[in-house]
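# Secondary and tertiary structure notes
One letter stands for each residue in the lines below.
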Amino acid sequence: MLAMSEVNCIKTLRNEKGLSITEIAKTMQVNWRTAKKYGDGDQLPQEKTHFKKGMMYDEEWGEIVIDWLEEDLKLKKKSRRKNKKIFEDLVKKGFKGSYRTVCNFIQEWKVAQEDEADKGHERLEHPEGEAQVDFGIMEAVQDGEILDVHALIMSFPSSNTAFAVPMPSENLECFLGGLQLLFKQAGGVPLSIRIDNLTPAVKKVRKGDSEAELTEAFRHFQQYYGFKVQVCNPRKGNEKGHVEGKVGYVRYNFFSLPPVIKDLEDLTSQLEHQLINDRQRIHYKKEVLIDKLWQQEQKQLIKLPEEPYPVFKQFLIKFNKYNEFKLDGHLIHVPRARNYVQLSCVTYWDSFKVITNDGEILLSDARPYMRKRRFIPWKEILKDWLKKPRVVGHSRYTNYLPTRIKEYLTVPSLALRKQRINELLTLLLTHDMNDIDQNFYDYIGREVEEVEHPYGVNWTEYDALSPKGTEALNHE
């Protein structure tokens, strides 16, 4: 490309001196076409159009990321995938680009959508052995249904170490039982714990010059383990900013896609191992491995007592005329309950029992909220898939489908995929997803046999090989 001074010189030779294009080309020692272009052409300024190029635009990766972002917009902000999770999921699909490439693409998309940027958390400095505790609500998938998890998280700001245990509720038994599990994972008891005004722990909040008043049950628990308690001021969440940041960190890194679990014990084990591995990174400020900082801080903890504190709540029961009493919002039937003068209920975080005054156990069972689930909104999800059937291959919900139905929908042909989604939508008007899976061959099994499976799987033969047949597969 010629410099502006050379362009001006060509214009002068052509317009003022009257030289031919051939003479100008020889004089300026340029190509004839170049001399013609600048000598006779009008060099008017033009708007420049920048076409976006690169693997995010030229290949399928950008479409996949946009599908995920649009899918997450329908969820609460705390349930959406973070950039790191999106990048990791792309890598699993064969993405060869960098994390920065993905971040830049997401940032451009968010600017176009006029999304607001996230606000950061304030960093607080604390001495070794001081912890902060708070609950955070997450989601997991158990038996094909959504389970609300109340994750109790304990963080140590000094070393940036965190521990987490899933609980079914935030009542007294779950709070104290969860703390015991956290102490066990940490290998000791913190010197002091900063908490919010949690109902199981705080009977009266701090007001003016008066200090917060703890509940009797929590005060006894505190005295047994020997830690001090610091209660935050009302509406001052920044006073426990570190654990709030950890709640978000655990949610975005381990729950952005609800994990598939067998039960809460399984999820407890998953979280424990993930957070142990998470310590194998450099502290954001001290530039030392977090695990090394934690090993140093762990020496400051109070030794665990030989026996754990007995965490339970006991109360007298009032029965209706049907021998029923209410627990966790559910009616519990106790046979022949009205034959006794008085009965008591003893509740633990995960179970309960009904006893007589002599200690005889009349009924023992899991607490009602241990069975509390929410159906995955398959109708709405399938309606979205019907509009964009290619999404099925990488949707956040695909892995939550029963095995047969997942294979049934993930056929290469988008036209066939759309037809099958329509078929499932029709079935969902009168059946739920588990029912469709359990009666797969009665509802849609004939079509499966007629159409060759994309991976050559014959489900009828597959089930026959299973020691428990179809029932075993349905419980996978």
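As a starting point, this report considers the structure included with it. (Residues numbered from 1 in each chain as written. Predicted model: local features only at pLDDT ≥ 70, side-chain atom pairs only at ≥ 80, totals over all residues. Heavy atoms only, no water.)

So, on to the overall build of the protein. When you go through the protein residue by residue, the secondary structure sums to 19 helices and 15 strands. Looking at the protein as a whole, 43% of its 476 residues are labelled buried. Residue pairs at least 24 apart in sequence account for 59% of intrachain contacts in the protein once pairs closer than 6 positions are excluded. Of the roughly 27700 Å² of accessible surface on the protein, a fraction of 49% belongs to carbon and sulfur atoms. (Helix = DSSP H or I, 4+ residues; strand = E, 2+ residues; numbered from the N terminus. Buried < 20%, exposed > 50% of the residue type's maximum accessible area, 1.4 Å probe, protein only. Contact = heavy atoms within 4.5 Å. Areas by Shrake-Rupley, 256 points an atom, 1.4 Å probe, with all protein chains shown as cover.)

So, on to the layout of surface pockets. As a volume, the second largest pocket reaches approximately 710 Å³. Lining the second largest pocket are 31 residues; nearest its centre among them are Glu-71, Lys-74, Leu-75, Arg-396 and Tyr-397. For the lining of the second largest pocket, the elements supplying multiple residues, two or more each, are helix 5 (61–72), strand 1 (130–142), strand 2 (145–156) and helix 13 (378–387). Of the residues forming the lining of the second largest pocket, the biggest block, five residues, is contributed by helix 13. (1 Å grid on protein atoms, 1.4 Å probe; cavity = no way out; pocket = protein on both sides within 12 Å on 5 of 7 lines; lining within 4 Å. Points joined across faces, edges and corners; volume = space filled by probe spheres on them.)

Time to look at the pairing of strand 1. Counting buried positions over the 13 residues of strand 1 gives 11, a clear majority of the element. Across three bridges, strand 1 lies against strand 4 (residues 192–195) in parallel orientation. Note that in strand 4 the partner of Glu-130 across the bridge is Ser-192. Of the strand pairs in this sheet, strand 1 and strand 2 are connected by 11 bridges, and their pairing is antiparallel. For Met-138, the partnering residue across the bridge sits in strand 2 and is Val-149. The turn linking strand 1 back onto strand 2 is made up of two residues, and Asp-143 within it adopts a positive phi angle of 55 degrees. Bridge count between strand 1 and strand 8 (residues 260–261): two bridges; the pairing is parallel. Bridging across to strand 8, Val-141 finds its partner in Val-260. (Pairing = 2+ DSSP bridges.)

Glycine aside, residues mostly have negative phi angles, and peptide bonds mostly take the trans form. In this structure, Asp-143 is a non-glycine residue whose phi angle is positive, near 55 degrees. With respect to the element layout, Asp-143 can be found in the loop between strand 1 and strand 2. Of note in this structure, Asn-160 is not a glycine but carries a positive phi near 65 degrees. Tracing the chain through its elements places Asn-160 in the loop between strand 2 and strand 3 (161–167). Judged by relative accessible area, which is 8%, Asn-160 ranks as buried.

So, about the packing of helix 1 (residues 4–15) against helix 3 (residues 32–40). In contact at an axis separation of 8 Å, helix 1 and helix 3 are set at 75 degrees when each is read in the N-to-C sense. Our classification of the angle between helix 1 and helix 3 gives roughly perpendicular. Mapping the contact onto sequence places Val-7, Ile-10, Lys-11, Arg-14 and Asn-15 in helix 1 and Ala-35, Tyr-38, Gly-39 and Asp-40 in helix 3. (Axes fitted to C-alpha atoms, helices over the stretch in contact; angles between N-to-C directions. Parallel < 35°, antiparallel > 145°, perpendicular 65-115°, else oblique.)

Turning next to the nonpolar core. Within the largest apolar cluster, 35 residues are counted, with the highest numbers of intra-cluster contacts made by Met-154, Phe-175, Leu-179, Phe-183, Phe-218 and Phe-221. Those elements that place two or more of their residues in this core are strand 1, strand 2, strand 3, helix 8 (172–186), strand 4 and helix 9 (216–225). Among the elements that make up this core, the one with the highest residue count is helix 8 (eight residues). Apart from the residues within four sequence positions on either side, Leu-179 is in contact with Val-133, Leu-152, Phe-218 and Phe-221. In terms of nonpolar packing, the next biggest core, distinct from the first, is built from 25 residues, Trp-378, Trp-385, Tyr-408 and Ile-444 among them. (Core = buried A, V, L, I, M, F, W, Y, C linked by side-chain atoms within 4.5 Å.)

In this structure the tally under the stated criterion is 24 aromatic pairs. Pairing Trp-61 with Phe-95 gives two aromatic rings, centres 5.4 Å apart and planes at 75 degrees, and the pair type is edge-to-face. Of this pair, Trp-61 sits in helix 5 while Phe-95 sits in the loop between helix 6 (83–92) and helix 7 (99–113), and the two are 34 residues apart along the sequence. Given the relative accessible area of 7%, Trp-61 is considered buried. For Phe-95, a relative accessible area of 4% translates into the label buried. Consider the rings of Phe-325 and Phe-352, whose centres lie 6.5 Å apart with planes at 75 degrees: the pair is edge-to-face. Of the two residues, Phe-325 sits in strand 10 (residues 324–327) while Phe-352 sits in strand 13 (residues 351–356), which places them 27 residues apart along the sequence. (Phe/Tyr/Trp six-rings, centres within 6.5 Å; stacked < 30°, edge-to-face > 60°.)

Once the charged atoms of two side chains with opposite charge are near each other, the side chains can pair. Applying the stated rule across the entire model yields 16 salt bridges. The salt bridge involving Asp-72 is made with Arg-81; its shortest N-O contact spans 3.0 Å. Considered together, Asp-72 and Arg-81 belong to a single accessibility category, that of buried residues. The salt bridge partner of Glu-213 is Lys-203, with a shortest N-O separation of 3.2 Å. Of this pair, Glu-213 sits in strand 6 (residues 213–214) while Lys-203 sits in strand 5 (residues 202–204); the two residues are 10 residues apart in sequence, bridging distant segments of the chain. Each of Glu-63, Asp-67, Glu-70, Lys-388 and Arg-390 takes part in a single network of salt bridges with overlapping partners. (Salt bridge = Lys/Arg side-chain N within 4 Å of Asp/Glu carboxyl O.)

The next subject is the side chain of Gln-185. Tracing the sequence through the fold places Gln-185 in helix 8. Those residues in contact with Gln-185, other than ones at most four positions away along the chain, are Phe-163, Ala-164, Val-165, Thr-268 and Glu-272.

Reading across the sheet, the four strands line up as 9-12-13-14 and stay open at both edges, with antiparallel pairing between neighbours. Looking at which strands have only one partner, the edges of the open sheet turn out to be strand 9 (313–316) and strand 14 (361–366). Neighbour to neighbour, the strand axes of the sheet diverge by 15 degrees on average, direction disregarded. The sheet contact formed by strand 13 and strand 14 spans five bridges and is antiparallel. Considered in strand 14, the bridge of Phe-352 is made with Asp-365.

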